[in-house]
Amino acid sequence: MNIIHPWPDSPEAAVTLQQQLRNQIRIQPLDRPAETIAGCDISFNKFEETVYAGIVVLRLDTLETIAEATAITTTSFPYVPGLLSFREIPALLEAWAKLTILPDVVVFDGHGIAHPRRLGIASHAGLLLDRPTLGCGKSVLVGRYEEPALERGSWSPMMHRGEVIGAALRTKNKVNPVYVSPGHLIDLQTGIDLMLRCDGGYRIPETTRRAHNLVNDVRRANL
DNA sequence: GCGACAG
DNA sequence: ATCTTGTCGC
């Protein structure tokens, strides 16, 4: 079921829409094993309207980049904690339309259901793309967790209002964890496994790292 | 009421 | 997020 909806023009309308969309989210195992995974990100200059979006698709077995797509647009929606998707998704959808390969899973730089209304950017995008999506953030929006062990691979659940919403995952020994949460059509354990497989020796998974490098290159090239 | 608050 | 060099620690 592909969800389509008009884009809200105010933070108030956006919150109302999130309340409506949260019921459509499905947290479940993948339909089939993932072979490809995509990372996406956007870049911009502090007080400017131009937004540079990019998506990079990797093969999970070799972490080889097999496809890339970018888009340059403008955004008027402000950054408001909890409403990040309304600012970033439009640009990402334009890049998505240019992709020649359909990735099995899409990873977002932010959260999935680890969100006050369980509709972070990964969950919202999952509904619009009708694809498995995962959130992998560098800091917490909501939820509490016990510090996971210091070894790469260890993790502890992120809790919010009595629910497990994600995991604080150590992707590198003795380095701060990243925060993984399912977006849509995937479950937490699968998400954790996938993020650990996207290891390039850095704290940030290769999906996000490559997408970040890509959009920054495009932005600097356009200066 | 006060503090927190993805990118 | 972005602007930026050196610097502390393993």
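Cut-offs used in this document
Residues numbered from 1 in each chain as written. Chains lettered and ligands numbered in written order. Predicted model: local features only at pLDDT ≥ 70, side-chain atom pairs only at ≥ 80, totals over all residues. Heavy atoms only, no water. Helix = DSSP H or I, 4+ residues; strand = E, 2+ residues; numbered from the N terminus. Rg over C-alpha atoms; globule rule 2.2 N^0.38 Å. Buried < 20%, exposed > 50% of the residue type's maximum accessible area, 1.4 Å probe, protein only. Contact = heavy atoms within 4.5 Å. Areas by Shrake-Rupley, 256 points an atom, 1.4 Å probe, with all protein chains shown as cover. Lys, Arg positive; Asp, Glu negative; His and termini not counted. Charge placed at Lys NZ, Arg CZ, Asp CG, Glu CD. Near = heavy atom within 4 Å. Polar contact = N/O pair within 3.5 Å; in protein donor to acceptor, adjacent residues only side chain to side chain. Nonpolar A, V, L, I, M, F, W, Y, C, P; charged D, E, K, R; others polar. UniProt positions renumbered as here; feature names shortened; annotations may be inferred. Pairing = 2+ DSSP bridges. Salt bridge = Lys/Arg side-chain N within 4 Å of Asp/Glu carboxyl O.

## A look at the overall build of chain A
Line of reasoning, step 1. Each helix and strand counted, chain A has 5 helices and 8 strands in total.
Line of reasoning, step 2. A compact globule built from 223 residues would reach a C-alpha radius of gyration of about 17 Å, and chain A, at 16 Å, matches this within 12%.
Line of reasoning, step 3. Oriented by its inertia axes, the alpha-carbon framework of chain A measures out at about 40 × 40 × 35 Å.
Line of reasoning, step 4. Residues classed as buried in chain A amount to 56% of the 223 residues present.
Line of reasoning, step 5. Intrachain contacts of chain A at a sequence separation of at least 6 include 63% that bridge at least 24 residues.
Line of reasoning, step 6. In the structure as shown, chain A presents an accessible area of about 10,400 Å², 50% of it carried by carbon and sulfur atoms.
Line of reasoning, step 7. Taking the average location of the 23 positive side-chain charges in chain A and that of its 24 negative ones, the two points are 4 Å from each other.

## Quick look at the protein's contact with DNA strand B
Line of reasoning, step 1. What surrounds DNA strand B is a group of 18 residues, the closest being Tyr79, Gly82, Ile121, Lys138 and Ser139.
Line of reasoning, step 2. Here, DNA strand B places atoms within 4 Å of the protein, and 45% of those atoms are sugar or phosphate.
Line of reasoning, step 3. In this structure, a sugar or linking oxygen belonging to DNA strand B sits 3.4 Å away from a side-chain N or O atom of Asp109.
Line of reasoning, step 4. The separation between a phosphate oxygen of DNA strand B and a polar side-chain atom of Ser139 is 2.9 Å.
Line of reasoning, step 5. Residue composition of the surface near DNA strand B, grouped by class: 8 nonpolar, 7 polar and 3 charged.

## Considerations on the side chain of Thr208
Line of reasoning, step 1. Residue placement: Thr208 occurs in helix H5 (residues 206-221).
Line of reasoning, step 2. We classify Thr208 as buried; its relative accessible area is 4%.
Line of reasoning, step 3. In this view, Thr208 contacts Gly39, Val107 and Asp109; residues no more than four positions away in its chain are not counted.

## A closer look at the protein's contact with DNA strand C
Line of reasoning, step 1. Close to DNA strand C lie Ser43, Phe44, Lys46, Lys138, Lys174, His212, Asn216 and Arg219, which account for all nearby residues.
Line of reasoning, step 2. Within 4 Å of the protein, the atoms of DNA strand C are drawn from sugar and phosphate moieties in a proportion of 92%.
Line of reasoning, step 3. Separating a phosphate oxygen of DNA strand C from a side-chain N or O atom of Asn216 is a distance of 3.1 Å.
Line of reasoning, step 4. When residues in the surface near DNA strand C are grouped by element, the largest group, 3 residues, is from H5.
Line of reasoning, step 5. Of the residues assigned to the surface near DNA strand C, the class counts are 1 nonpolar, 3 polar and 4 charged.

## A word on the UniProt feature "site: Interaction with target DNA" (unreviewed entry) in chain A
Line of reasoning, step 1. Listed under "site: Interaction with target DNA" (unreviewed entry) in the UniProt record, and renumbered for this structure, are Tyr79.
Line of reasoning, step 2. Inspection of the secondary structure puts Tyr79 in the loop between strand S3 (65-74) and helix H2 (84-98).

## Thoughts on the environment of Arg118
Line of reasoning, step 1. Tracing the backbone through its elements, the reader meets Arg118 in the loop between strand S4 (105-108) and helix H3 (121-129).
Line of reasoning, step 2. For Arg118, a relative accessible area of 11% corresponds to the buried category.
Line of reasoning, step 3. Sequence separation of Arg118 and Arg197 is 79 residues, and the distance between their C-alpha atoms is 25 Å.
Line of reasoning, step 4. In this view, Arg118 contacts Arg22, Ile25, Gly112, Ile113, Ser123, His160, Arg161, Glu163 and Ile165; residues no more than four positions away in its chain are not counted.
Line of reasoning, step 5. Here the side chain of Arg118 touches His160 through a polar contact of 3.2 Å, landing on its backbone oxygen.

## A word on the pairing of S3
Every regular strand shows the same layout, with side chains that alternate between the two sheet faces.
Line of reasoning, step 1. With 9 bridges connecting them, strand S2 (residues 50-59) and S3 associate as antiparallel partners. Pairing of Val57 across the sheet is with Ala67, part of S3.
Line of reasoning, step 2. Count of turn residues in the S2/S3 antiparallel hairpin: 5 residues, of which Leu63 carries a positive phi of about 60°.

## Focus on unusual backbone geometry
Line of reasoning, step 1. Positive phi outside glycine occurs at Leu63, with the angle close to 60°.
Line of reasoning, step 2. Relative to the elements of secondary structure, Leu63 occurs in the loop between S2 and S3.

## Observations regarding the pattern of salt bridges
Line of reasoning, step 1. Under the criterion given, the structure shown has 9 salt bridges.
Line of reasoning, step 2. Between Arg32 and Asp104 there is a salt bridge, with its nearest N and O atoms 2.8 Å apart. Here Arg32 is found in the loop between helix H1 (11-21) and strand S1 (36-43), whereas its partner Asp104 is found in the loop between H2 and S4, with 72 residues between them in sequence.
Line of reasoning, step 3. Judged by its relative accessible area of 10%, Asp104 is buried.
Line of reasoning, step 4. A salt bridge links Arg59 to Asp61; the nearest nitrogen and oxygen atoms lie 2.6 Å apart.
Line of reasoning, step 5. Look at Arg59 and you get partly exposed, because its relative accessible area is 32%.
Line of reasoning, step 6. Given a relative accessible area of 54%, Asp61 falls into the exposed group.
Line of reasoning, step 7. Linked by salt bridges that have partners in common, Arg59, Asp61 and Glu64 make up one network.

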